[in-house]
Amino acid sequence: CSSFSEVVLMRAILNFLRHTYRAFIVDDGSKRVVFVTAEIGMISQRLRLEVLKELELKYGDLYRQENVILSGTHTHSGLAGYFQYTLFIITSKGYIKSSIQPIVNGIVKSIDVAHKNMRPGRIFVSKGEIVGSNLNRSPHSYLNNPEEERNRYKSNTDEQIVTLKFTDLDGDGMGVFSWFAVHPVSMNYTNRMVSSDNLGYASYLFEQEKNIGYLPGEGPFVAAFATANSGDVTPNTRGPYCINTGERCDYLNSSCPIGGTRMCVAFGPGNDIFDSTRIIGENIYRKAKELYGSAKQELRGSVHAAHQWVNMTDVTVQLDSTHSVKTCKPALGHSFAAGTIDGGGDLNFTQGAVEGDPFWDGIRDALLGAPSKEIQECQNPKPILFSTGEMNWPFPWHPDIVDVQIITIGSVAIVAVPGEATTMSGRRIREGVKQKNAAFTNSEVVITGLCNIYTHYITTYEEYQVQRYEGASTIYGPHTLSAYIQHFRGLARAIAEGKVGELPKGPEPPFFSNLFSLLGEPPVDRSPENTTFGDVLQQVHPVYKVRDKTFVTVEKFHNSTSTWEVVHTDASWETRFYWIKGTANQSNATVEWHIPLSAESGTYRIRHFGHYKQRVIFPVITAYEGSSHTFRVTKTLYSL
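Residues numbered from 1 in each chain as written. Predicted model: local features only at pLDDT ≥ 70, side-chain atom pairs only at ≥ 80, totals over all residues. Heavy atoms only, no water.

An unreviewed UniProt entry lists the protein chain under the name Neutral ceramidase, with Astyanax mexicanus given as the organism. Regarding the protein chain, the relevant UniProt record gives this comment under Sequence similarities (unreviewed entry): "Belongs to the neutral ceramidase family." According to the UniProt record, the Catalytic activity (unreviewed entry) comment for the protein chain reads "an N-acylsphing-4-enine + H2O = sphing-4-enine + a fatty acid". (UniProt positions renumbered as here; feature names shortened; annotations may be inferred.)

In structure tokens, the structure reads:
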């Protein structure tokens, strides 16, 4: 077997609209695989198809659906508007070209940079545990799994972190890739700012330590953190309380006597959402750093990739020699509308509903039509709220065709799960890939969620019976997990037997035209009284360094050269940028710099960059900027 010293890439980190895209390419001399993490909620089918189109134009068949995995970190504070199915179009205000295009550009450019910077290297794998940084948010569902199965594990969450360390041939660090099971919802539903959340903060800390002197999103060292089987896992480790009474929420349905599910909220370990994000992110970063420093097990062998498109609405699963079951057309249950302890619904739905509600069912039937008997029987015991598999106007509401994919790097197998697998579902997928497959028996099988297309949740059959939020959101019915395991096992078998080329490609997904935005045309902007757009706040300097786009800079003055140095941008954890849409076509931007203890004494200023819209004959977009007065930062006020 050849080692990976043939070619290993690092140096692929790009910031677009303050989302970071990190690309890793590994080549064994004859085959290569690509893994990209994007700090967005999930990868949509349309986004993946758009990226693959761009890659084909640039690279031919070098980077294609078989060997490229795209994974979203699942931050809940990212862009929307990049989906082609109706449910997501409605909930994210349409298909928004100004959202999807920067994401496509960012992913493709990260691969471009990775491609150009490939060089020989080595890869090491290590794993450990992070205790106290995740909590099962549906323990009642988890307890419905067989007792003998639960007894094999010490926790109802996966506390394992798996880390890949990338170095050059001299042993100098090039990057790190880590997987940990946690929902990036430390920045909870009250947040209104773009944020990469806890996993993004772990990346930020690692890269800032390694890329000394570089701004966020720059520098040669790349640190990626992806979510694993985190479907039922929250970072809000203090658990759920009724925010109006301070009492514990009801255990079975996560609701409060007064206010229902909306009042039941889980809290993180910190004083607020920023502090909680920092604590969870630091915990993940510290353990990854420890594993990175102690990694000794080198990966050797070849890289492989296997991919299929599957019609998940019509999969027959063979349970044994005499019994088989099938998946269903997609549907969402009543408990989907209840939300979770990380953000409850506004209406009177509760988790754990196994019966419908005549009021809401009547409204559904009048507006959308009643679910067919066939889908109700298939999805049983789910009481169907939206029979999305039978709703096709103006486009299908949910996907039928889904990606399943595995890539292997030596003894590490990365399973690209197209949704959110719960703790036990992820464990069963790992076991399923290894089962009856000697080539994978000693492999480190890693679950990567939110890959290639979004299909909501994947619970076990037993968890599905309880119909909490995760079960109600398992759209292809009670045998969804079994169907995925069957297909992932088939991909692993094809890799082990060298028969990837014989795998059926499967039915190609649709690429819809005439997608539309539900956002109205932005209004023109007005300046406050006694001011004019274009007023010069500060004259230009004679020399500037090229800088990536940013809304905010914090700049330090150097007396020796009479120049300003950018020390923070809007990608920095220490800065916060609030934009509030006001009345009469006026808005307000607030910039905050939370000064870290590491800040050097000196003279600083804060600058903001933006654009305003006017209508002369046609709409005109004009750039503007603003600057604060200079101010001093000192270690003690007495120095003033």
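### With respect to the overall build of the protein chain
Within the protein chain one finds 13 helices and 33 strands. A compact globule built from 640 residues should have a C-alpha radius of gyration of about 26 Å, and the protein chain, at 25 Å, falls within 12% of that. Considered along the principal axes of its C-alpha atoms, the protein chain spans approximately 80 × 65 × 50 Å. Expressed as a percentage of its 640 residues, the buried residues of the protein chain come to 55%. Taking the contacts inside the protein chain whose residues are at least 6 apart along the sequence as the reference set, 73% of them involve residues at least 24 apart. (Helix = DSSP H or I, 4+ residues; strand = E, 2+ residues; numbered from the N terminus. Rg over C-alpha atoms; globule rule 2.2 N^0.38 Å. Buried < 20%, exposed > 50% of the residue type's maximum accessible area, 1.4 Å probe, protein only. Contact = heavy atoms within 4.5 Å.)

### Points about the sheet that holds strand S10 (residues 222-227)
With mixed pairing, the 5 strands of this open sheet are ordered in space as S10-S9-S8-S6-S14. Edge positions in the sheet fall to S10 and strand S14 (297-298), since each of these pairs with one other strand and no more. Lying on the sheet, helix H6 (residues 197-210) is in contact with strand S9 (173-180) and S10; it crosses S10 at an angle near 160 degrees. Sitting on the sheet, helix H7 (residues 273-294) is in contact with strand S6 (121-129), strand S8 (160-168), S9 and S10, with an inclination near 50 degrees to S8. (Pairing = 2+ DSSP bridges. Axes fitted to C-alpha atoms, helices over the stretch in contact; angles between N-to-C directions.)

### So, the pattern of salt bridges
According to the stated counting rule, one finds 35 salt bridges in the structure shown. Across the pair Glu 149 and Arg 428 runs a salt bridge whose closest N-O atoms are separated by 2.7 Å. Within this pair, whereas Glu 149 is found in helix H5 (residues 147-150), its partner Arg 428 is found in helix H10 (residues 423-434), the two being separated by 279 residues in sequence. The pair Glu 149 / Arg 428 is uniform in exposure class, with both members buried. By sharing partners, the salt bridges in this structure join Asp 275, Arg 278, Glu 282 and Arg 286 into a single network. (Salt bridge = Lys/Arg side-chain N within 4 Å of Asp/Glu carboxyl O.)

### Things to note about the UniProt feature "binding site: Zn(2+)" (unreviewed entry) in the protein chain
As annotated by UniProt and renumbered to match this structure, "binding site: Zn(2+)" (unreviewed entry) occupies His 74, His 183, Glu 420 and Tyr 457. Taken along the chain, the residues just named run across 384 residues; in space they keep tight, none of their C-alpha pairs more than 12.7 Å apart. Positionally, His 74 belongs in the loop between strand S5 (68-72) and helix H2 (86-91). Under the relative-accessibility criterion, His 74 is labelled buried at 3%. Non-local contacts of His 74, meaning those with residues more than four positions away in its chain, are made with Ile 40, Gly 41, Met 42, His 183, Pro 184, Thr 227, Glu 420 and Leu 450. On the basis of relative accessibility, which here comes to 4%, the residue Tyr 457 falls in the buried class.

### Here we look at the packing of helix H1 (residues 45-59) against helix H3 (residues 97-116)
Here H1 crosses H3 at 45 degrees, and the two axes come no closer than 10 Å. The angle between the axes of H1 and H3 places the two elements in the oblique class. The chirality of how H1 crosses H3 is right-handed. The segment H1 lies against H3, with Arg 46, Leu 47, Glu 50, Val 51, Glu 54, Leu 55, Lys 58 and Tyr 59 engaging Ile 100, Ile 103, Val 104, Ile 107, Val 108, Ile 111, Asp 112 and His 115. Looking at the contact of H1 with H3 residue by residue, the class counts come to 10 nonpolar, 1 polar and 5 charged. (Parallel < 35°, antiparallel > 145°, perpendicular 65-115°, else oblique. Left-handed = near helix turned anticlockwise from the far one by under 90°. Nonpolar A, V, L, I, M, F, W, Y, C, P; charged D, E, K, R; others polar.)

### A closer look at the nonpolar core
Judged by nonpolar contacts, the single largest core of 72 residues is most densely connected at Leu 47, Ile 107 and Phe 488. The biggest single contributor to this core is helix H13 (residues 480-496), with 8 residues. Other than its neighbours up to four places away in sequence, Ile 107 contacts Tyr 21, Val 36, Ala 38, Leu 47, Val 51 and Leu 70. One finds Val 33, Val 303, Ile 414 and Ala 416 within the second-largest nonpolar core, a separate group that totals 26 residues. (Core = buried A, V, L, I, M, F, W, Y, C linked by side-chain atoms within 4.5 Å.)

### Focus on the sheet that holds strand S25 (residues 444-448)
Pairing within the open sheet is mixed, and its 4 strands lie in the order S15-S22-S23-S25. In this open sheet, the two strands that pair with only one neighbour each are strand S15 (303-311) and S25. Strand-to-strand twist across the sheet, computed as the mean angle between neighbouring axes with direction ignored, equals 15 degrees. In the sheet, strand S22 (residues 401-409) pairs with strand S23 (residues 412-416) via 5 bridges, with the strands oriented antiparallel.

### Considering the state of the cysteines
On inspection of all chains with the given rule, the structure shows 3 disulfides. Disulfide pairing places Cys 249 opposite Cys 264 at an S-S distance of 2.2 Å. Handedness here is read from the sign of the S-S torsion; for Cys 249 and Cys 264, about 120 degrees, the answer is right-handed. Here Cys 249, found in the loop between strand S12 (239-242) and strand S13 (264-267), pairs with Cys 264, found in strand S13; they are 15 residues apart in sequence, far enough to count as distant. By relative accessible area, which is 0% here, Cys 264 ends up buried. The disulfide partner of Cys 328 is Cys 378, and the gap between their sulfur atoms is 2.0 Å. Looking along the S-S bond of the Cys 328-Cys 378 disulfide, the torsion reads about -90 degrees, which is the left-handed sense. Residue Cys 328 is found in the loop between strand S17 (324-326) and strand S18 (332-333), and its partner Cys 378 is found in helix H9 (residues 373-379); the two are separated by 50 residues along the sequence. (Disulfide = S-S within 2.5 Å.)

### Regarding the side chain of Gln 308
Examined against the element boundaries, Gln 308 turns out to sit in strand S15. Residue contacts for Gln 308: discarding those within four places in its chain leaves Val 402, Asp 403, Val 404, His 487, Leu 491, Leu 503, Pro 504 and Lys 505.

### Some thoughts on the packing of aromatic side chains
The tally for this structure, following the rule as stated, stands at 29 aromatic pairs. Each ring, one from Phe 206 and one from Phe 221, has its centre 5.6 Å from the other, and the planes form 20 degrees; the classification is stacked. Taken together, the residues Phe 206 in helix H6 and Phe 221 in the loop between H6 and S10 connect sequence positions 15 residues apart. Judged by relative accessible area, which is 0%, Phe 206 ranks as buried. The ring of Phe 511 has Arg 46 sitting right over it, with the charged end atom 3.7 Å from the ring centre. Sitting above the plane of the Phe 274 ring, Arg 576 keeps its charged end 3.3 Å from the centroid. (Phe/Tyr/Trp six-rings, centres within 6.5 Å; stacked < 30°, edge-to-face > 60°. Lys NZ or Arg CZ within 6 Å of the ring centre and 35° of its normal.)

### Quick word on the confidence of the model for the protein chain
Averaged over all residues, the pLDDT of the protein chain equals 92, while 94% of them reach at least 70. For residues 1-18, every residue scores under 50 in pLDDT, and the model assigns this stretch 102 contacts once sequence neighbours within four places are set aside. (pLDDT = per-residue confidence, 0-100.)

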